[in-house]
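# Secondary and tertiary structure notes
Each chain is listed here by its residues.
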Amino acid sequence: MKSLRLLVLPLLAALFAALCLSAMPQAQDAAPEAAPAAPVALPNVIDVRVSATPDRARLVVDLADKTEFALVSLSEPDRLAIDVRAATFSVPEPSGKPAGEGMIADYLVEQVAPDRVRTTLTLSGPAQVQQAYMLDPFEGQPARLVVDVIPATADEFAANVARDLAASTEPAAVASTPAGGSELPIATRPLVVIDPGHGGIDSGAETTGGIKEKDIVLSFALRLQELLVESGRFDVALTREDDTFLRLEERVALARTNKADLFISIHADSFQQPEIRGASVYTRDEKATDVLDKVLADNENKTDVIAGFAMPQMAPEVVDILLDLMRREMRHQSFMAAQAIVHQLEPSVELRRFPVRQADFFVLQAPDVPSVLVELGFLSNADDMANLLRGEWQDRTAGALARGISTYFDSLTTDE
């Protein structure tokens with residue numbers, strides 16, 4: 001019965017269509033066919049910039065509009081080829097040496113097909129793409145393709161070459177690396193604690209129009225949490241998820257008690273000079289007055305801080321040495337995290353001059369958790385204020401921050 005129904009229904013549908021057509025006015029028979037869709041205009045490649053260090057390299061391609069891109073690893077000699085779908089290029093210096101010395105020996109930009117512009121990076125040693133993403137135009141800046149490159153072993157590079165060769169003779173189109181994601185998945189999920197500054201009775205900075213820092217940073221922190229969770233690479237907690245007041249020591253204690261792998265405090269302050277603007281990232285000032293005792297709970301002692309490292313009856317001077325070593329390592333890791341975040345913020349948002357900074361912020365005093373404080377901008381600056389209230393700016397900046405967090409943890413795994 002079911003098979004008969006499947007045969008009858010198409011026949012009835014065809015008969016109904018024929019009857020409808022026969023009832024239509026004859027003028028309809030001469031209706032012109034729909035014109036084919038106009039081909040999509042491909043953008044121009046405006047500029048290409050390559051920077052390199054022994055530990056990291058970056059390619060930035062400026063484009064008249066967003067487009068597709070593709071990546072491939074090539075050997076003999078070792079190269080990375082990055083293609084964009086583009087009709088033309090007007091790069092001022094289509095070949096040359098990168099800014100800085102390290103992983104990239106030279107680069108070449110060329111039109112390899114009517115719809116394809118290729119940038120070839122000649123490598124000084126084995127390397128791999130850590131992440132690649134396309135940015136929308138913003139604040140007068142063109143669309144941008146950003147490709148981050150890090151060292152690889154010879155075996156890793158050979159495997160990438162073999163994979164790409166097997167996939168196709170042409171680079172396959174790829175999607176942007178999602179915010180918080182990476183081409184280098186990490187084995188375990190670190191815990192990231194995000195601290196939206198202020199809250200409750202503490203509004204933080206406030207404009208004459210009643211816009212409060214505590215509300216802006218909470219909205220941003222929730223978006224950042226969402227991106228990090230979506231990446232699948234991190235466990236994420238917030239010190240506050242609503243308009244709650246927390247003392248500074250409570251924020252630090254939450255990160256320490258839960259053994260966070262990274263603590264990020266989010267702020268957007270005001271300054272007496274309204275021309276000052278831009279994002280920045282702070283770590284603890286190594287010359288700051290030591291306020292370790294303020295961070296520790298009232299009944300906690302130094303041995304508690306290094307629990308798991310100290311042996312019973314360990315001499316106080318040995319405990320002090322271990323604690324000092326721990327704090328030095330945390331400062332080093334905090335600085336690495338700040339650099340990674342700024343590296344990702346740089347092509348995406350306005351930054352302050354010398355954006356990696358040091359200060360004696362209380363929330364950065366945890367002796368056993370890498371900690372940074374991100375100043376998104378200044379409520380006292382009109383341009384920053386407009387950005388802080390725009391959802392598109394928040395999304396772009398949260399995405400850059402998520403990528404910075406991801407690259408920081410990538411650097412820990414590659415150093416192991």
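So, here is what we can say about the structure in this document.

With that out of the way, let us pick up the side chain of Thr207. Considering the arrangement of structural elements, one finds Thr207 in the loop between β12 (191-196) and α3 (213-231). Look at Thr207 and you get buried, because its relative accessible area is 18%. Not counting the four nearest positions on each side in its chain, Thr207 is found in contact with Leu379 and Met385.

Taking 1.5 Å of rise per residue, 14 residues should cover 20 Å, and helix α2 (residues 154-167) covers 20 Å from first to last C-alpha, within 8% of that figure. Taken together, the buried positions of α2 are Phe157, Asn160, Val161 and Asp164. The buried residues of α2 occupy an angular sector of 100 degrees when the element is viewed end-on, so they sit on one face. Away from the buried face of α2 by more than 90 degrees, exposed residues Asp155 and Ala166 are located. For α2, the secondary structure elements touched by its buried residues are β3 (69-74), β4 (79-85), β8 (116-123) and β9 (127-135).

Once that is clear, we can look at the packing of aromatic side chains. Taken as a whole and judged by the stated rule, the model has four aromatic pairs. Between Phe234 and Phe409, the ring centres sit 5.6 Å apart and the planes meet at 55 degrees, which makes this aromatic pair tilted. Here Phe234 is found in the loop between α3 and β13 (235-238), whereas its partner Phe409 is found in helix α9 (residues 391-415), with 175 residues between them in sequence. You'll find Phe234 and Phe409 in the same group, each marked buried. Here the aromatic cluster, defined as three or more aromatic residues joined through ring pairs, consists of Phe234, Tyr408 and Phe409. Over the aromatic face of Phe138 sits the side chain of Arg396, whose NZ or CZ is 4.1 Å from the ring centroid. The side chain of Arg403 reaches across the aromatic face of Tyr133, ending 3.6 Å from its centre.

This paragraph deals with the sheet that holds strand β1 (residues 44-52). Strand order in this open sheet of five strands is β5-β1-β2-β10-β9, and the pairing throughout is mixed. Bordering the open sheet on either side are β5 (88-89) and β9, each of which pairs with just one other strand. Inspection of the sheet shows β1 paired to β5 by two bridges, in the parallel sense. The partner of Asn44 across the bridge, within β5, is Thr88.

Attention now moves to α3. Along its 19 residues, α3 runs 27 Å from first to last C-alpha, staying within 8% of the 27 Å computed at 1.5 Å per residue. Buried within α3 are the following residues: Glu213, Lys214, Ile216, Val217, Leu218, Phe220, Ala221, Leu224, Gln225, Leu227, Leu228 and Ser231.

A separate point is the nonpolar core. Membership of the largest hydrophobic core comes to 44 residues, with the highest contact counts inside it found for Ile194, Leu228, Ile266 and Ile405. For this core, the leading source of residues is α9, giving eight residues. In this structure, Ile405 is in contact with Val192, Leu224, Leu228, Phe234, Leu262, Ile264 and Ile341, ignoring residues within four places of it in sequence. With 32 residues, the next largest nonpolar core counts Ala57, Leu123, Ala143 and Phe157 among its residues.

This part is about the sheet that holds strand β16 (residues 351-359). If you trace the six strands from one edge of the open sheet to the other, you get β13-β12-β14-β17-β15-β16, paired in mixed fashion. This sheet does not close on itself; its edge strands, each paired only once, are β13 and β16. Strand-to-strand twist in this sheet, taken as the mean axis angle between neighbours without regard to direction, amounts to 20 degrees. Strand direction decides the pairing type here: strand β15 (residues 279-284) and β16, joined by five bridges, are parallel. If you follow Arg284 over to β16, its bridge partner there is Ala359. Relative to the sheet, α3 contacts β12, β13 and β14 (262-267), its axis offset from that of β12 by approximately 165 degrees. Strand contacts of helix α4 (residues 248-257): β12 and β14, with the helix running at about 170 degrees to β12, the strand carrying the most contacts.

The buried count for β8 comes to eight of eight residues, which makes it a mostly enclosed element. The pairing of strand β7 (residues 104-113) with β8 spans eight bridges and is antiparallel. What sits directly across from Tyr107, in β8, is Leu121. Between β7 and β8, which pair antiparallel in sequence order, lie two residues.

It is worth spelling out the pattern of salt bridges at this point. On inspection of all chains with the given rule, the structure shows 24 salt bridges. Between Arg58 and Glu346 there is a salt bridge; the shortest N-O distance is 3.4 Å. Placement of the pair is Arg58 in strand β2 (residues 57-63) and Glu346 in the loop between α7 (316-345) and β16, with a sequence separation of 288 residues. We classify Arg58 as buried; its relative accessible area is 4%. Here Glu346 falls in the partly exposed class, since its relative accessible area comes to 44%. A salt bridge links Arg396 to Glu392; the nearest nitrogen and oxygen atoms lie 2.5 Å apart.

Here the focus is unusual backbone geometry. Residue Pro77 is bonded to the preceding Glu76 through a cis peptide linkage, with omega at 0 degrees. Here Pro77 lies in the loop between β3 and β4. Despite not being glycine, Glu76 shows a phi value in the positive range, around 55 degrees. If you trace the backbone, Glu76 turns up in the loop between β3 and β4.

The rules behind these values
Residues numbered from 1 in each chain as written. Predicted model: local features only at pLDDT ≥ 70, side-chain atom pairs only at ≥ 80, totals over all residues. Heavy atoms only, no water. Helix = DSSP H or I, 4+ residues; strand = E, 2+ residues; numbered from the N terminus. Buried < 20%, exposed > 50% of the residue type's maximum accessible area, 1.4 Å probe, protein only. Contact = heavy atoms within 4.5 Å. Expected span 1.5 Å × (residues − 1). Arc of directions from axis to C-beta. Phe/Tyr/Trp six-rings, centres within 6.5 Å; stacked < 30°, edge-to-face > 60°. Lys NZ or Arg CZ within 6 Å of the ring centre and 35° of its normal. Pairing = 2+ DSSP bridges. Core = buried A, V, L, I, M, F, W, Y, C linked by side-chain atoms within 4.5 Å. Axes fitted to C-alpha atoms, helices over the stretch in contact; angles between N-to-C directions. Salt bridge = Lys/Arg side-chain N within 4 Å of Asp/Glu carboxyl O.

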